[in-house]
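# Residue-level structure breakdown
Here are the chains, one letter per residue:
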Amino acid sequence: MNIHEYQAKELLAKHGIGIPTGHAALTVDEAVAAAEKLPGPLYVVKAQIHAGGRGKGKFKELGPDAKGGVRLAKSIDEVREAATEMLGNTLVTIQTGEAGKQVNRLYVTDGVDIASEYYLSMLVDRATGRVAMVVSTEGGMDIEAVAHDTPEKITTIVIDPAQGFMPHHGRSLAFALKLKGDLNKAAQKLGKQLYHAFMEMDCEMLEINPLVETTDGQLLVLDTKMSFDGNALFRHKDIAELRDETEEDPAEVEASEYDLAYIKLDGNIGCMVNGAGLAMATMDIIKLNGAFPANFLDVGGGATTEKVTAAFKIILADDAVEGILVNIFGGIMRCDTIAEGIVAAAKEVELDVPLVVRLEGTNVDKGKAILDNSGLPIVSANDLGDAAQKIVAQVKEAA
Ligand code: ADP
Ligand code: MG
């Protein structure tokens, strides 16, 4: 789960980490009121969307010469102007895709006098089973480009969770950022605080870009992105409440309501499968047959009629879908029950694209008979390879 910049900063501030003061706003009046609470004279009005690159982004409605989603304002009037221009409009950045994201919230913060910008991120490194802290002196830039062009400017510090954040980790961090004196000490302290915050909140990823040194010698988090391990959210009710469903793919939100694991992909063949491993294998075999899956969808072990119907609706709501492949193994559920669910769901949603079904497991013959006698144009398949070939052929034929 992702959260907004202002929410992430408020969480970091609770862990004692330095951030510029700021307030969130949903309307122009709230943005003005937020600015009035700040000391001034420099304010920054920032679009809150779940995507980076806002500063260099462009608003669809405002034309190519308008400013982006991070605006400096030198007076309350300029704050009002910036808020009026941004709220309700669509910001397109390198991370949003062409469609962009509508700006519904703003963050009005203190303008900071920046001496230097740095990069710092943390993530769970699956390869080592440890937490990696990635730091660079090249802050405020596109870190992928830095990693590509000047990899020597990136340092990775690996922390073993059994040992925790040790003083030498802090020294490595401060050294990598080339900091001296008090700032060096501040960086060591910050590293330790960030590690604790990361672990305590079950973060998946925490990126600070930029971390800044101010002209009066403080280290402040100027921009941050934070995401959390969904499997650990049950023990962080306060964080779970920060979820902003308007930032998520509506189909994925609906799928989570039915406890379906759904991820939209770029292809044209919708997949409905039970079990994540089988879903991966199904996507692979579709690709092997020269087509691309439109989604990953795991209906889980107990594929009820209700779940199957919801899954069909979600798949069909995607305009890119030109055919559906159902691949279900009847283990806990019997194949005849699943077949009845598929027939009922196909009738309810008035299926208008080819549907290939491969069933295997308990009562498979009964299941196939139900599909064959349904009067619906459902093609049944004998195995995974057969199923993939059939749906790819059907989609080509229909095109
Ligand atoms: P994004 O990464 O989405 O473009 P940032 O918050 O990183 O958004 O802002 C882009 C740039 O704007 C920063 O690199 C920094 O130079 C400047 N900036 C952001 N917030 C402030 C602030 N509070 N004071 C001064 N400059 C800022
Ligand atoms: Mg940034």
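So, how was this worked out
Residues numbered from 1 in each chain as written. Chains lettered and ligands numbered in written order. Predicted model: local features only at pLDDT ≥ 70, side-chain atom pairs only at ≥ 80, totals over all residues. Heavy atoms only, no water. UniProt positions renumbered as here; feature names shortened; annotations may be inferred. Donors = N, O, S within 2.8 Å, 3.2 Å for Na, K, Ca; no water. Helix = DSSP H or I, 4+ residues; strand = E, 2+ residues; numbered from the N terminus. Buried < 20%, exposed > 50% of the residue type's maximum accessible area, 1.4 Å probe, protein only. Near = heavy atom within 4 Å. Polar contact = N/O pair within 3.5 Å; in protein donor to acceptor, adjacent residues only side chain to side chain. Areas by Shrake-Rupley, 256 points an atom, 1.4 Å probe, with all protein chains shown as cover. 1 Å grid on protein atoms, 1.4 Å probe; cavity = no way out; pocket = protein on both sides within 12 Å on 5 of 7 lines; lining within 4 Å. Sits in = over half its atoms within 2 Å of the grid points. Nonpolar A, V, L, I, M, F, W, Y, C, P; charged D, E, K, R; others polar. Domains from an automatic or database assignment. Salt bridge = Lys/Arg side-chain N within 4 Å of Asp/Glu carboxyl O. Points joined across faces, edges and corners; volume = space filled by probe spheres on them. Contact = heavy atoms within 4.5 Å. Pairing = 2+ DSSP bridges. Axes fitted to C-alpha atoms, helices over the stretch in contact; angles between N-to-C directions.

As annotated in an unreviewed UniProt entry, the protein chain carries the name Succinate--CoA ligase [ADP-forming] subunit beta and comes from Alterisphingorhabdus coralli. Under the Sequence similarities (unreviewed entry) heading, UniProt states for the protein chain: "Belongs to the succinate/malate CoA ligase beta subunit family." One UniProt comment on the protein chain, placed under Subunit (unreviewed entry), says "Heterotetramer of two alpha and two beta subunits."

The next point concerns the coordination of the magnesium ion (ligand 2). The magnesium ion (ligand 2) binds to the protein through Asn209 (O) and Asp223 (OD), with metal-donor distances spanning 2.1 to 2.2 Å. Here Asn209, found in strand S11 (residues 203–214), pairs with Asp223, found in the loop between strand S12 (219–221) and strand S13 (224–228); they are 14 residues apart in sequence, far enough to count as distant. Accessibility classification places Asn209 together with Asp223 in one group, the buried group.

Moving on, we get to the site of ligand 1. In the neighbourhood of ligand 1, 17 residues make up the surrounding shell, with Lys46, Arg54, Gly55, Asp110 and Glu117 lying closest. The contact in question runs from an oxygen atom of ligand 1 to an N or O atom on the side chain of Lys46, over 2.6 Å. A distance of 2.9 Å separates a nitrogen atom of ligand 1 from a polar backbone atom of Val112. Contact with the protein chains covers 82% of the free accessible surface of ligand 1, which is 540 Å². Judged by its atoms lying within 2 Å of the grid points, ligand 1 is housed in the largest pocket. Elements represented by at least two residues in the shell around ligand 1 include exactly strand S2 (43–47), strand S7 (106–110), strand S8 (114–125) and S11. Classifying every residue of the shell around ligand 1 by side-chain character gives six nonpolar, six polar and five charged. Taken domain by domain, the shell around ligand 1 gets at least three of its residues from each of domain 1 (20–110) and domain 2 (114–240).

Moving on, we get to the pattern of salt bridges. Counting across every chain of the model gives 14 salt bridges. A salt bridge links Lys9 to Glu5, with the nearest nitrogen and oxygen atoms 2.8 Å apart. Placement of the pair is Lys9 and Glu5 together in helix H1 (residues 5–14), with a separation of four residues, close to one helical turn. Here Lys9 and Glu5 have matching classes, each one buried. Close ionic contact of Asp318 with Lys264 constitutes a salt bridge, the shortest N to O distance being 3.0 Å. Of the two residues, Asp318 is situated in the loop between helix H10 (305–316) and strand S17 (323–330) and Lys264 in strand S14 (residues 261–264); the sequence distance between them amounts to 54 residues. Accessibility expressed as a relative area gives 11% for Asp318, which makes it buried. Each of Glu5, Lys9, Lys46, Arg54 and Asp223 takes part in salt bridges that share partners, so that together they form one network.

With that settled, the discussion passes to the layout of surface pockets. Of the voids in this model, the largest pocket is the one considered here, and its volume is about 940 Å³. Taken together, 37 residues make up the lining of the largest pocket; nearest its centre are Gly55, Gly140, Asn209, Pro210 and Asp223. Only H1, S2, strand S4 (70–73), S7, S8, helix H4 (143–149), S11 and S13 provide two or more residues apiece to the lining of the largest pocket. Of the residues that constitute the lining of the largest pocket, the class distribution is 14 nonpolar, 11 polar and 12 charged.

Assigned domains of the protein chain: these are domain 1 (20–110), domain 2 (114–240) and domain 3 (250–398). When each unit is reduced to the centre of its C-alpha atoms, the spacing between domain 2 and domain 3 is 42 Å.

We now examine the UniProt feature "binding site: substrate" (unreviewed entry) in the protein chain. When the UniProt feature table is mapped to this numbering, "binding site: substrate" (unreviewed entry) covers Asn274, Gly331, Ile332 and Met333. Sequence-wise these annotated residues cover 60 residues; spatially they are packed, their C-alpha atoms never more than 10.8 Å apart. Relative to the helices and strands, Asn274 is located in the loop between strand S15 (269–273) and helix H9 (276–288). Sequence-distant contacts of Asn274, defined by excluding residues within four places in its chain, comprise Asp298, Val299, Gly300, Asn327, Ile328 and Phe329. Within polar-contact distance, the side chain of Asn274 engages the backbone oxygen of Phe329 at 2.8 Å. For Ile332, the location among the structural elements is in the loop between S17 and helix H11 (335–348).

The four strands lie next to each other as S1-S7-S2-S4, forming an open sheet whose pairing is antiparallel. The open sheet is flanked by strand S1 (22–25) and S4, the only strands paired with a single partner. Going from strand to strand, the sheet's axes swing by 20 degrees on average, the running direction of each strand aside. For S1 and S7, the ladder comprises four bridges, and the chain directions are antiparallel. Within S7, the residue paired with Ala25 across the bridge is Leu106. Where helix H2 (residues 28–36) meets the sheet, it contacts S1, S2 and S7, and its direction lies at approximately 15 degrees from that of S7.

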